[in-house]
Amino acid sequence: MTTDEATKSEGEVQAAALAERGEDITPSKDRGVLKIIKRPGNEDESPMIGDKVYVHYKGKLASGKKFDSSRHRNEPFIFSLGKGQVIKAWDIGVATMKKGEICYLLCKPEYAYGSAGSAPKIPSNATLFFEASNAGEPVELLDFKGEDLFEDGGIIRRIKRKGEGYSNPNEGATVEIHLEGFCGGRRFDCKDVKFVVGEGEDHDIPIGIDKALEKMQRGEHCILYLSPRYGFGEAGKPKYGIQGNAELVYEVTLKSFEKAKESWEMDTKEKLEQAAVVKEKGTMYFKEGKYLQAVIQYGKIVSWLEMEYGLSEKESKASDSFLLAAFLNLAMCYLKLREYAKAVECCDKALGLDQDNEKGLYRRGEARLLMNEFELAKCDFQKVLEVNPQNKAAKSQISVCQKKTKEHNERDRRIYANMFTKFAERDAKEAASKTGMEKTAEKAACGKGAETPGAE
């Protein structure tokens, strides 16, 4: 028997065994994906929809011929579970695995590459055989972790039940949800609640829930892990016995939602009316120290009015007034949030509307000072004094800029002085070493010359 024949025979035996003894793990129980566990996992938890999973595998045709192996590439295969990034069989099969588990999967064509196949290695209507594991075996589930919604580590989502359709709540949408909140394993909140996305704080709901809801679909049930920034922040929540900078876990079900009007669905009159409402709301949040929530409200004004054209003189004046206030207030929020580059950007836009605006110049100066851009900051504070010579705060900040510039220059001088001293010491050592080597060579030469006559 040739090697190919032996491989084919072995593959057919494995496929037959899996077809006979494998567990049907398809939702419709049509035996399209069969599974046999070779070794149970070492943890109880399985990956959830949206989790990033790390897998090693070896794939074969039903004949036993290998068509792919992640181990031969020396790197695991990574994909987001349940997002349609892989064949159906993989989304179904990997979701049933535990960390450390080793299993075999048999996948019918309709759960693999179907009638199209995947040229050149996988023919049309091919049944596929996978060996899957999590500990160095031919196919492994190496690890999995939740979806980082904003790629800053602040909100991690794990979906327990996928939602329906493709529509999501937008900012300002009215949502109905069920939530349970946990801190350190203790449940501190459990309720059904209806509110406007961006205003969850009015119901003691942290900003991270508002943000996550914009990524959810109707009927979705998920677990959300919130960092302090997206939770209750430094202040905590005494009402719930939660201290500052606490990490939170929420289970949230989005029961229903009604989207808010998009900007293009509103006329100018409505935008100006709503701008007054959200400006007041934003100011309330700002005074309460809820800066992320305030950013959402002021941001609405910008989204509605920044690109609004064809306004009457009266409407244009009102629009500019709202935009100027929004940019200035956003700058103040970003200063509080320590996002200084964004503060500068908002001040630039405010000064584009009013180039001599005292608050815009001063806040941009503050942001630049905190970014160690001392000269630029000093220029802004000097411009403030040109607008208002009585501004004592600006005078004080100019002194701060001068002091910081001096300290910065002195620090640079020390650094460079130390650097040059080290270079000089190194050069001296190299020169001394070279001189020593030359003297040694010279002595050796003289010694050799003295011995020559005796040798003769």
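Predicted model only: the values in this text are computed from it and were never measured.

Quick notes on the rules
- Residues numbered from 1 in each chain as written.
- Predicted model: local features only at pLDDT ≥ 70, side-chain atom pairs only at ≥ 80, totals over all residues.
- Heavy atoms only, no water.
- Helix = DSSP H or I, 4+ residues; strand = E, 2+ residues; numbered from the N terminus.
- Buried < 20%, exposed > 50% of the residue type's maximum accessible area, 1.4 Å probe, protein only.
- Pairing = 2+ DSSP bridges.
- 1 Å grid on protein atoms, 1.4 Å probe; cavity = no way out; pocket = protein on both sides within 12 Å on 5 of 7 lines; lining within 4 Å.
- Points joined across faces, edges and corners; volume = space filled by probe spheres on them.
- Nonpolar A, V, L, I, M, F, W, Y, C, P; charged D, E, K, R; others polar.
- Domains from an automatic or database assignment.
- Contact = heavy atoms within 4.5 Å.
- Salt bridge = Lys/Arg side-chain N within 4 Å of Asp/Glu carboxyl O.

## Considering unusual backbone geometry
Note on backbone geometry: most residues besides glycine have negative phi, and most peptide bonds are trans.
Point 1. Following Ala119, the chain continues to Pro120 via a peptide bond in cis, the omega torsion being 5°.
Point 2. Among the structural elements, Pro120 can be located in the loop between β6 (102-107) and β7 (128-133).
Point 3. Positive phi, close to 60°, is recorded for Asn74, a residue that is not glycine.
Point 4. You can see Asn74 is positioned in the loop between β4 (66-69) and β5 (77-80).
Point 5. On the basis of relative accessibility, which here comes to 70%, the residue Asn74 falls in the exposed class.
Point 6. Backbone geometry at Asn245 places phi at a positive 60°, although glycine is not the residue there.

## A look at the sheet that holds strand β13 (residues 221-226)
Point 1. The strand order across the open sheet built from six strands is β9-β10-β13-β14-β11-β12, with neighbouring strands paired in antiparallel fashion. Every other strand in the sheet has two partners, leaving β9 (147-148) and β12 (186-196) as the edge strands with one partner each.
Point 2. For strand β11 (residues 174-183) and β12, the ladder comprises ten bridges, and the chain directions are antiparallel. Paired with Val175 across the bridge in β12 is Phe195.

## With respect to the layout of surface pockets
Point 1. Of the pockets and cavities examined, the largest pocket occupies roughly 740 Å³.
Point 2. Contributing to the lining of the largest pocket are 34 residues, with Glu171, Gly172, Ile296, Lys300 and Trp304 lying nearest its centre.
Point 3. Of all the secondary-structure elements, those providing two or more residues to the lining of the largest pocket are α4 (268-287) and α5 (291-305).
Point 4. Looking at the lining of the largest pocket residue by residue, the classes come out as 13 nonpolar, eight polar and 13 charged.
Point 5. Two domains each put at least three residues into the lining of the largest pocket: domain 2 (148-258) and domain 3 (263-404).
Point 6. Roughly 610 Å³ of volume is contained in the second largest pocket.
Point 7. Lining the second largest pocket are 21 residues, with Phe232, Gly233, Glu234, Gly289 and Tyr291 positioned closest to its centre.
Point 8. With three residues, the single largest contributor to the lining of the second largest pocket is α5.
Point 9. In terms of residue class, the lining of the second largest pocket is made up of seven nonpolar, six polar and eight charged.
Point 10. Summarising the domain contributions, the lining of the second largest pocket has at least three residues from each of domain 2 (148-258) and domain 3 (263-404).

## A closer look at the environment of Gly208
Point 1. The topology assignment puts Gly208 in helix α3 (residues 207-213).
Point 2. The exposure class of Gly208 is buried, given its relative accessible area of 0%.
Point 3. Separated by 52 residues in the primary sequence, Gly208 and Ile156 place their C-alpha atoms 9.9 Å from one another.
Point 4. In this structure Gly208 touches Ile155, Leu226 and Tyr230, once residues within four positions along its chain are discounted.

## Topic: the pattern of salt bridges
Point 1. Inspection of every chain in the model, using the stated rule, returns 27 salt bridges.
Point 2. The salt bridge involving Glu45 is made with Arg158; its shortest N-O contact spans 2.3 Å. A residue pair is termed long-range when its members are at least 10 positions apart, and Glu45 in the loop between β2 (33-39) and β3 (52-61) and Arg158 in strand β10 (residues 155-161) qualify at 113 residues.
Point 3. According to the relative accessible area criterion, Arg158 is buried, its value standing at 6%.
Point 4. Here Lys342 and Glu339 are joined by a salt bridge, their closest N and O atoms 3.1 Å apart.

Distances and angles like these do not, on their own, reveal function.
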